[in-house]
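Architecture and fold: a report
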Amino acid sequence: MNAPFPLGAHSDALCVQPLSAKTTELVRVVVVGSVDDGKSSLIGRLLYECDGLYDDQIACIRKRSVDGVLDFSLFTDGLLAEREQGITIDVAYRYFSTRERKVIVADTPGHVQYTRNMATGASTADAVVILVDARLGVLAQTRRHAFIAALLGIPHVAVAINKIDLVDDAHAVFARLSAEVRAFTSALGFRSAQAFPVSALRGDNIVHPSPQTPWHDGATILSWLNALPLRAGVDDAPLRFAVQAVLRPTLDYRGYAGTVSAGTVRPGDDVLVMPSGLRTEVAAIDTFDGPKDAVRAPAAVVLRLRDDVDVARGDMIASIERPPQRRSSFDADLVWFGDAPLLTGHRYLLKHTTRRVSAHVEVLRHRYDLETLGTEPASSLAQNDIGRVRLVCSRPLVVDPYTVDRSTGAFILIDRHSNDTVAAGMIAALDDEERDSSWRSDVEAHERSARLGHRGLVFLVDDEGAGRALERRLFDEGAHTALCDDVDDAAVLAGAGLVAVLVARGAQRRCAGREALEQRGVSVVDEDAGWRPR
Amino acid sequence: MSTKDHLDVLEAEAIGILRETTAEMAKPVLLYSIGKDSQVLLHLARKAFHPAALPFPLLHVDTTWKFREMIAFRDAFAARHGLQLLVHTNEAAVREGINPIDSSSQKYTTAMKTQALLQALALHGFDAAFGGARRDEEKSRAKERVFSFRDRLGQWEPRRQRPELWNLWNGRVDEGESMRVFPLSNWTELDVWHYVRRESIPVVPLYFAKVRPVVARNGTLIMVDDERLRLRLGERIEARRVRFRTLGCYPLSGALLSDAATVDDVIAEMSASRVSERQGRLIDHDEEGSMESKKREGYF
Ligand SMILES: Nc1nc2c(ncn2[C@@H]2O[C@H](COP(=O)(O)OP(=O)(O)OP(=O)(O)O)[C@@H](O)[C@H]2O)c(=O)[nH]1
Ligand SMILES: [Mg+2]
């Protein structure tokens, strides 16, 4: 299956690791396309010709080669199962440096079964190389990958028409296929697109311009990588800073640890704390290396604020002029990874910035048809389907549309039983107004307890059986009860004045649950504490 | 204000990972192997929580065969910075006499490293363990997630890794399961050295060339660090100017003939090097795929 490669000239002059301390930019590029189009081989070739490989690594691959010729796909296909089957299963990350840049290249699997791994490699990319086999043209997977890359907001695309060594009239084939792919990619809205006739086998137009393609303009995958405009518009983005932790090393120090994910921040800046909406001023930017006058994304720092406002993990410190929005429901595109299909109404965990809430899909608006790029009605999303949904969260999130800011527009859905990540989500354009504000109530807690005969609180138990038994007992004793297995639900139920029995398996989860509830001012009682409704 | 150096980007990413793990996991620990990667990881961890103290302890899995200079460095460094250091050894395996000279390297690694690590994690109930492993080290590492899920037996299942998008880490585990977390995933060996230089991070002096007593064995120079390394027939101790590119158990660490005595020299020497750092680690030579099998069993 694996066609052998003749050994190309091994250049050492072209791209060397920089020794000087000069600034080297980081570029993340992902290589996608259908099965066997030559993604792994192209990356192997790129590494080989950019001196991204050591002699012992090359020797190791050479040992496995036939007649002294190298199989370049073996440089990235690092799992035993991959080498046995001759396909890529999971994404591999490889690293090399050019004169200007440090490149992280993600080799992704073409097989549809492993689309989730392709999305993993693509989610952080600045640029994407879409491979097409010159003999086979654009396939269903080519379209799926291009679609996902566009959805993930990768701005720049290179279309590599590979295996041109295998077709007769390479020029005509290249012209036809690159036109076809570019029609497709421009419909998907990439910011820039450029096509290359390549052969991973011969090394054509990957690092060196190929004498075999005199009709091509001489650009190579490497020259494209070096010329990508990377930080256009990044510096004047509005500030986004998700709070990861509150640091209180001494009684009079309170700092908020987090990462400036967009924009710039300086002491003295007026900022908004979300979702509370309080305004304050940045008092100082603290780091291990001392206070800073200004920092810009990405930077992990500690912010101190002028006023003693209440800020917790999961909150966002943001620009006042261009603030993010508070929403507990919004439209989003989902790429579904779960083995089980998406269930509307089912509670998933949603992780967005540093906030974790419970969420469900209220409406599945449509599924995308990757053949036509149109949409079609659907009742569910199966594994690898992509669709537009309306999501409802148990608590508000602080969001931007994904196309405006990846860091505040992206989220994942987690299945609360298997703990698997079942979907990648990208927030779509936002409606004008927050629809539901039911989380803010005019009824006071004491009014509720006066009517119900007890105050709202949460019992923590270890398993479902115990939970059911406890709820029965409490109910029989006259309490207004509810049973749940989600911290957010428990908080809402207790907020409504009920006695919520929360099933949290395992000591660690109970401990985390207790902490989260107490942080939100909910009383938590241990099962055996002998509480009785009065 | 246009370009941002890649080391700044990598630093921010790693600090974000350290903080996120600490917030989401019940009981994290930092696996501290005393090597350059551990030093960088520890430096980043101190940065992540400054001005607060480190919110987790360090764990050193001691095989009892580390270079003496490593142990001395470890103790001095931990004391100077007031770090909480746990040390664990697989005592049963020591009593059984398993050692890196007479035992097969597979048996030795399983007992003194993999089993020892799993024992220590279980003993303290850690549900997340930070490691300084990098994806550029080895081909199966290149496939591993930043948050790498381990089942109740500490095993890695490469065919069922969770999708990992953006920097939205999913650290959810059930009782007994755990995460290995690799904040340096995207760093290369050269990035580590550039960062050591930029941040003036102290590292064990064994990384720098000095005249040391070595013996040539199976084509490798082994440093004679104590009397347990018995000379074989025809072997003799020579004084050579050597340094180490990676550090581990001294009988398994190959020395390089080198004049690189400073961080700058090391960077220059490494930029010109044509061999990978694995070359000097004797346990990694076994078989193609041996790292993958070790990791499946719970190795770091
Ligand atoms: N003739 C020729 N063969 C090639 C070229 N590039 C790749 N191949 C062959 O195509 C086959 C598939 O190559 P891979 O690099 O494994 O393809 P891939 O896209 O990584 O495949 P998956 O990761 O499984 O999706 C191998 O047999 C390669 O040797 C090329 O430019 N010319
Ligand atoms: Mg491949």
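Above this text you will find the structure in question.
Rules used throughout
- Residues numbered from 1 in each chain as written.
- Chains lettered and ligands numbered in written order.
- Predicted model: local features only at pLDDT ≥ 70, side-chain atom pairs only at ≥ 80, totals over all residues.
- Heavy atoms only, no water.
- Helix = DSSP H or I, 4+ residues; strand = E, 2+ residues; numbered from the N terminus.
- Buried < 20%, exposed > 50% of the residue type's maximum accessible area, 1.4 Å probe, protein only.
- Contact = heavy atoms within 4.5 Å.
- Areas by Shrake-Rupley, 256 points an atom, 1.4 Å probe, with all protein chains shown as cover.
- Lys, Arg positive; Asp, Glu negative; His and termini not counted.
- Charge placed at Lys NZ, Arg CZ, Asp CG, Glu CD.
- Donors = N, O, S within 2.8 Å, 3.2 Å for Na, K, Ca; no water.
- Pairing = 2+ DSSP bridges.
- Axes fitted to C-alpha atoms, helices over the stretch in contact; angles between N-to-C directions.
- Salt bridge = Lys/Arg side-chain N within 4 Å of Asp/Glu carboxyl O.
- Near = heavy atom within 4 Å.
- Polar contact = N/O pair within 3.5 Å; in protein donor to acceptor, adjacent residues only side chain to side chain.

What follows covers the overall build of chain A. Looking only at helices and strands, chain A features twelve helices and 25 strands. Counting over 534 residues, chain A shows a buried share of 57%. Pairs at least 24 residues apart make up 72% of the contacts formed inside chain A by residues separated by at least 6 positions. Accessible area for chain A stands at about 21500 Å²; split by element, carbon and sulfur atoms hold 50% of it. Side chains of chain A give 61 positive and 73 negative charges; the mean places of these two sets differ by 2 Å.

Turning our eyes to something else, we now look at the coordination of the magnesium ion (ligand 2). Looking at the magnesium ion (ligand 2), the protein donor atoms are Ser40 of chain A (OG) and Thr88 of chain A (OG1), and they sit 2.0 Å from it. Of the two residues, Ser40 of chain A is situated in helix H1 (residues 39–49) and Thr88 of chain A in the loop between helix H3 (80–85) and strand S2 (92–97); the sequence distance between them amounts to 48 residues.

Turning our eyes to something else, we now look at the sheet that holds strand S10 (residues 254–257) of chain B. Within a sheet, neighbouring strands are paired by backbone hydrogen bonds and run either parallel or antiparallel to one another. The strand order S7-S8-S10-S9 (chain B) describes a closed barrel built from four strands, whose pairing is antiparallel. With direction set aside, neighbouring strand axes in the sheet form an average angle of 70 degrees.

With that out of the way, let us pick up the pattern of salt bridges. A complete count under the given rule lists 60 salt bridges over all chains for this structure. A salt bridge links Asp331 of chain A to Arg365 of chain A; its shortest N-O distance comes to 2.7 Å. Of this pair, Asp331 of chain A sits in strand S15 (residues 325–336) while Arg365 of chain A sits in strand S17 (residues 355–369), placing them 34 residues apart in sequence. One salt bridge connects Arg296 of chain B with Glu292 of chain B, and the closest N-O pair in it is separated by 3.6 Å. Residue Arg296 of chain B and its partner Glu292 of chain B are located together in helix H8 (residues 290–296), separated by four residues, close to a single helical turn.

This next bit is on the site of ligand 1. Residues and elements named next belong to chain A. With respect to spatial proximity, 23 residues lie near ligand 1, and among them Lys39, Ser40, Ser41, Thr88 and Asp165 are the closest. In this structure, Asp165 approaches ligand 1 through a side-chain N or O atom, which is 2.8 Å from a nitrogen atom. The contact in question runs from an oxygen atom of ligand 1 to an N or O atom on the side chain of Ser199, over 3.3 Å. The protein chains hide 96% of the 660 Å² of surface that ligand 1 would expose on its own. In terms of residue count, H1 provides more of the shell around ligand 1 than any other element does, three residues in total.

Let's shift gears to the sheet that holds strand S4 (residues 128–130) of chain B. All names here are of chain B. Strand order in this open sheet of six strands is S3-S2-S1-S4-S6-S5, and the pairing throughout is mixed. Strand pairing shows two members of the sheet lacking a second neighbour, strand S3 (85–88) and strand S5 (147–150), which therefore form its edges. Each strand of the sheet is rotated relative to its neighbour by a mean of 30 degrees, with strand direction disregarded. Where S5 meets strand S6 (residues 178–181), four bridges bridge the pair, whose relative direction is antiparallel. Residue pairing across strands places Phe149 opposite Met179, the latter belonging to S6. Lying over the sheet, helix H1 (residues 6–24) contacts strand S1 (28–31), S4, S5 and S6, oriented at roughly 160 degrees with respect to S4. The sheet strands contacting helix H2 (residues 36–49) are S1, strand S2 (58–61) and S4, and the helix crosses S1 at an angle near 145 degrees.

What follows concerns the environment of Ala262 of chain A. Residues and elements named next belong to chain A. Here Ala262 lies in strand S8 (residues 255–262). Distance from Ala262 to Ser407, taken between C-alpha atoms, is 7.7 Å for residues 145 residues apart in sequence. When residues no more than four places from it in sequence are discounted, the contact partners of Ala262 are Ala237, Pro238, Leu239, Arg240, Ala297 and Asp405.

None of the figures reported here should be taken as evidence of function without further support.
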